[in-house]
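Coordinates in review
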Amino acid sequence: MSEVFLHAKSLGLLLRKDPDDSVVVHFRAMFAGLAGRVLRSWANPLNDLLVQGRSARSDEAVLETRLPVDAIEERLAEFLTPLLASLYDRFGVAGLSLNRVEAEVQRLLNSAVGKERAPAPS
C-alpha cells in the first residue's frame, strides 16, 4: 500500500492544473479469499516473529481512505496505520503501532524501490 500511495502522490501532482490546487486521492482496496489464510511476510520473513495471528476471521476486507496528495509522503505511516490495523485485526493481530508502521515505511523508502522513485514535480 505504501508504494500505491507514493505512486498516487506522483500522479496527483502531475494531474493537478495549478500548483496551489488541493488534490485528494481516493483509495479503495478489496482483499478477497482471506478465509483460512494466515499473515506471512514474503519480503521480510523475520516479521513473522513479530506478527503472530490466526487464520482470517472473514473472507473479505475493504479498506478505504482519502489522502491529501501534498501530505502523503510526510504522513505515509500515519495514513497506513488504521488501514493496516483493520486488515491485521481480521487475522487476530491487535495493537499495530504507528512506530512499527513507520519503521516499515522507512525500510521501503531506503530500499531499491524507494531509491528508484523519481522526485515528484513541484
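Here, the structure is the one placed above.
Keep in mind the model is a prediction, meaning the values are calculated, not measured.

The rules behind each value
- Residues numbered from 1 in each chain as written.
- Predicted model: local features only at pLDDT ≥ 70, side-chain atom pairs only at ≥ 80, totals over all residues.
- Heavy atoms only, no water.
- Helix = DSSP H or I, 4+ residues; strand = E, 2+ residues; numbered from the N terminus.
- Buried < 20%, exposed > 50% of the residue type's maximum accessible area, 1.4 Å probe, protein only.
- Contact = heavy atoms within 4.5 Å.
- Areas by Shrake-Rupley, 256 points an atom, 1.4 Å probe, with all protein chains shown as cover.
- Axes fitted to C-alpha atoms, helices over the stretch in contact; angles between N-to-C directions.
- Left-handed = near helix turned anticlockwise from the far one by under 90°.
- Nonpolar A, V, L, I, M, F, W, Y, C, P; charged D, E, K, R; others polar.
- Phe/Tyr/Trp six-rings, centres within 6.5 Å; stacked < 30°, edge-to-face > 60°.

1. Topic: the overall build of the protein
Helix and strand counts for the protein stand at four helices and two strands. Moving toward the C terminus, one meets the helices and strands of the protein in the order α-β-β-α-α-α. When the 122 residues of the protein are sorted by exposure, 34% land in the buried category. Pairs at least 24 apart in sequence give 74% of the contacts found in the protein among residues at least 6 apart. For the protein, the accessible area works out to roughly 7,900 Å², and carbon and sulfur atoms hold 53% of it.

2. Things to note about the packing of helix 1 (residues 2-15) against helix 3 (residues 98-110)
For the pair helix 1 and helix 3, interaxial distance at closest approach is 11 Å and the crossing angle is 65°. In this structure, helix 1 crosses over helix 3, and the sense of that crossing is right-handed. Facing Ser 2, Glu 3 and Leu 6 of helix 1, the residues of helix 3 in contact are Val 105, Leu 108 and Leu 109. Counted by class, the contact of helix 1 with helix 3 contains four nonpolar, one polar and one charged residues.

3. Let's talk about the side chain of Ser 2
Along the chain, Ser 2 turns up in helix 1. Apart from the residues within four sequence positions on either side, Ser 2 is in contact with Leu 76, Leu 80, Val 105 and Leu 108.

4. With respect to the packing of aromatic side chains
According to the stated counting rule, one finds one aromatic pair in the structure shown. Plain terms: the ring middles of Phe 5 and Phe 27 are 4.8 Å apart, the flat faces sit at 90° to each other, and that makes the pair edge-to-face. With a gap of 22 residues between them, Phe 5 in helix 1 and Phe 27 in strand 1 (residues 24-32) connect regions that are remote in the sequence. The residues Phe 5 and Phe 27 share a single accessibility class, namely buried.

5. A word on the environment of Leu 87
The topology assignment puts Leu 87 in helix 2 (residues 76-89). When its relative accessible area of 9% is taken as the criterion, Leu 87 is described as buried. Expressed as a C-alpha distance, the spacing of Leu 87 and Leu 39, which sit 48 residues apart in the sequence, is 9.9 Å. Beyond its immediate chain neighbours, meaning those up to four positions away, Leu 87 contacts Phe 31, Leu 34, Ala 61 and Leu 63.

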